[in-house]
Amino acid sequence: MKLGKLTLSLFTAALIATISFAETKIIKDESIGLRKDNLYTEDKVVSDETKYKTDPAGASTKIERAFENAPPMIPHDVEGMFIITSDNNQCTACHDPAIAASMGATPIPKSHYTSFREAVELSKDGNLQRDGKAVANSSDLKSVVKPLETLSNARFNCSACHAPQSDSANVPKNNFTPEFRSTELNGKSNLIDVIGEGVK
Ligand code: HEC
Ligand code: HEC
């Protein structure tokens, strides 16, 4: 009888200990983020060095697309090509479809020579208007697919979407596996042909 009580109280004590241990399980600062350093003493933290590729344009190896119709990463050196301004865009000097083939560069795709928003005017007070009537909310603008003669202003700043890739030893594990509907799509885009998919 006495032994039974003792076993029971030992068991209860063990159970309480297990529960309270589970409740007070401590997550260390070092295990919260991607970097394994204490979050409160940052003075000695040195970030990973940014190492962009230095192969000049024409001698670099293209990087596979991250997913179908993803903006391709820039595989070549971009030293001296930034900042892009309204009268200095060096990217177009090689990627303009009229000259790209002769430069061995991928031509800027048709999607970049297309407007996807209906053309509206600005009223004198700076508001959007359609056929002389104010458009109350810019989200009411219709989606269109209108070919343009020139590069769309929305595409002028190439580096807003295309970036060089840094070679790093500290790359977090990525479990994403892209699925391309055809194997050639991991090396080129066809967005303009499929832009209406799922909408129309
Ligand atoms: C001197 C010519 C030249 C200039 C200037 C240039 N590129 Fe390139 N680019 C190339 C060539 C050639 C390739 C193909 C890879 C190679 O041969 O190096 C390429 C590849 C690319 C790719 C990969 C395309 C793909 O199909 O994967 C992107 C994106 C790109 N460049 C963007 C840019 C951007 C953005 C700029 C401006 C900051 C720029 N390029 C400036 C010549 C150039
Ligand atoms: C708003 C984002 C955005 C901007 C700005 C932009 N691009 Fe792209 N780019 C994309 C996306 C997304 C794709 C892939 C889908 C497509 O073809 O539109 C792409 C594709 C490309 C391709 C690959 C074409 C192919 O046939 O595989 C090249 C080359 C390219 N862009 C060059 C440029 C250059 C040069 C500029 C600047 C003049 C530029 N892009 C500006 C988003 C952008």
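Residues numbered from 1 in each chain as written. Chains lettered and ligands numbered in written order. Predicted model: local features only at pLDDT ≥ 70, side-chain atom pairs only at ≥ 80, totals over all residues. Heavy atoms only, no water.

Another point: the coordination of the iron atom of ligand 2. Within the protein, His112 (NE2) and His162 (NE2) serve as the donor atoms for the iron atom of ligand 2, at 2.0 Å. Seen from the iron atom of ligand 2, its six donor atoms lie at angles of 85 to 179°, and the figure they make is octahedral. Pair noted here: His112 is in the loop between helix H3 (100-103) and strand E1 (114-117) and His162 is in the loop between strand E5 (143-147) and helix H4 (191-194), with a separation of 50 residues, a long-range link. On the basis of relative accessible area, His112 is assigned to the buried category, the value being 14%. (Donors = N, O, S within 2.8 Å, 3.2 Å for Na, K, Ca; no water. Tetrahedral: all angles 85-135°; square planar, octahedral: opposite > 155°, others 65-115°. Helix = DSSP H or I, 4+ residues; strand = E, 2+ residues; numbered from the N terminus. Buried < 20%, exposed > 50% of the residue type's maximum accessible area, 1.4 Å probe, protein only.)

Taken as a whole and assessed by the stated rule, the structure comprises three salt bridges. With its nearest N and O atoms 2.6 Å apart, the salt bridge here joins Arg181 to Glu68. Of this pair, Arg181 sits in the loop between E5 and H4 while Glu68 sits in the loop between helix H1 (2-23) and helix H2 (90-95), and the two are 113 residues apart along the sequence. Measuring nitrogen to oxygen at the nearest pair gives 3.1 Å for the salt bridge that ties Arg181 to Glu197. Taken as a pair, Arg181 in the loop between E5 and H4 and Glu197 in the segment after H4 lie far apart in primary sequence, 16 residues in all. Overlapping salt bridges, with partners in common, bring together Glu68, Arg181 and Glu197 in one network. (Salt bridge = Lys/Arg side-chain N within 4 Å of Asp/Glu carboxyl O.)

Moving on to the UniProt feature "binding site: heme c 2" (unreviewed entry) in the protein. In the numbering adopted here, UniProt assigns the feature "binding site: heme c 2" (unreviewed entry) to His112, Cys158, Cys161 and His162. Despite a sequence span of 51 residues, these residues sit close together in the fold, their greatest C-alpha distance being 12.7 Å. Taking the annotated residues in turn, His112, Cys158, Cys161 and His162 line the largest pocket. Apart from residues no more than four positions distant in its own chain, His112 is found in contact with Leu151, Ser152, Arg155 and His162. The class of His162 is buried, set by a relative accessible area of 19%. If near-sequence neighbours (up to four positions away) are discounted, His162 is found in contact with Pro71, Pro72, Ile74 and His112. (UniProt positions renumbered as here; feature names shortened; annotations may be inferred. 1 Å grid on protein atoms, 1.4 Å probe; cavity = no way out; pocket = protein on both sides within 12 Å on 5 of 7 lines; lining within 4 Å. Contact = heavy atoms within 4.5 Å.)

On to the site of ligand 1, then. Surveying the vicinity of ligand 1 reveals 23 residues, the closest of which are Ser60, His76, Cys91, Cys94 and His95. Within the side chain of Ser60, a nitrogen or oxygen atom sits 2.5 Å from an oxygen atom of ligand 1. Between ligand 1 and the protein, one listed contact pairs a nitrogen atom with a side-chain N or O atom of His76 at 2.9 Å. A majority-of-atoms criterion places ligand 1 in the largest pocket. (Near = heavy atom within 4 Å. Polar contact = N/O pair within 3.5 Å; in protein donor to acceptor, adjacent residues only side chain to side chain. Sits in = over half its atoms within 2 Å of the grid points.)

Around the iron atom of ligand 1, the protein supplies His76 (NE2) and His95 (NE2) as donor atoms, at distances of 2.0 to 2.1 Å. Taken together, the six donor atoms coordinating the iron atom of ligand 1 span angles of 87 to 179° at the metal, a pattern that classifies the geometry as octahedral. With a gap of 19 residues between them, His76 in the loop between H1 and H2 and His95 in helix H2 connect regions that are remote in the sequence. The class for His95 is partly exposed, based on a relative accessible area of 23%.

Right, let's talk about the site of ligand 2 for a bit. Every one of the 26 residues lining ligand 2 counts as a neighbour, but Ser111, His112, Cys158, Cys161 and His162 are closest to it. One of the side-chain nitrogen or oxygen atoms of His162 is found 2.8 Å away from a nitrogen atom of ligand 2. Because more than half of its atoms lie within 2 Å of the grid, ligand 2 is assigned to the largest pocket. For the shell around ligand 2, the element with the highest residue contribution is H2, accounting for three residues. For the shell around ligand 2, a count of residues per class yields 13 nonpolar, ten polar and three charged. (Nonpolar A, V, L, I, M, F, W, Y, C, P; charged D, E, K, R; others polar.)

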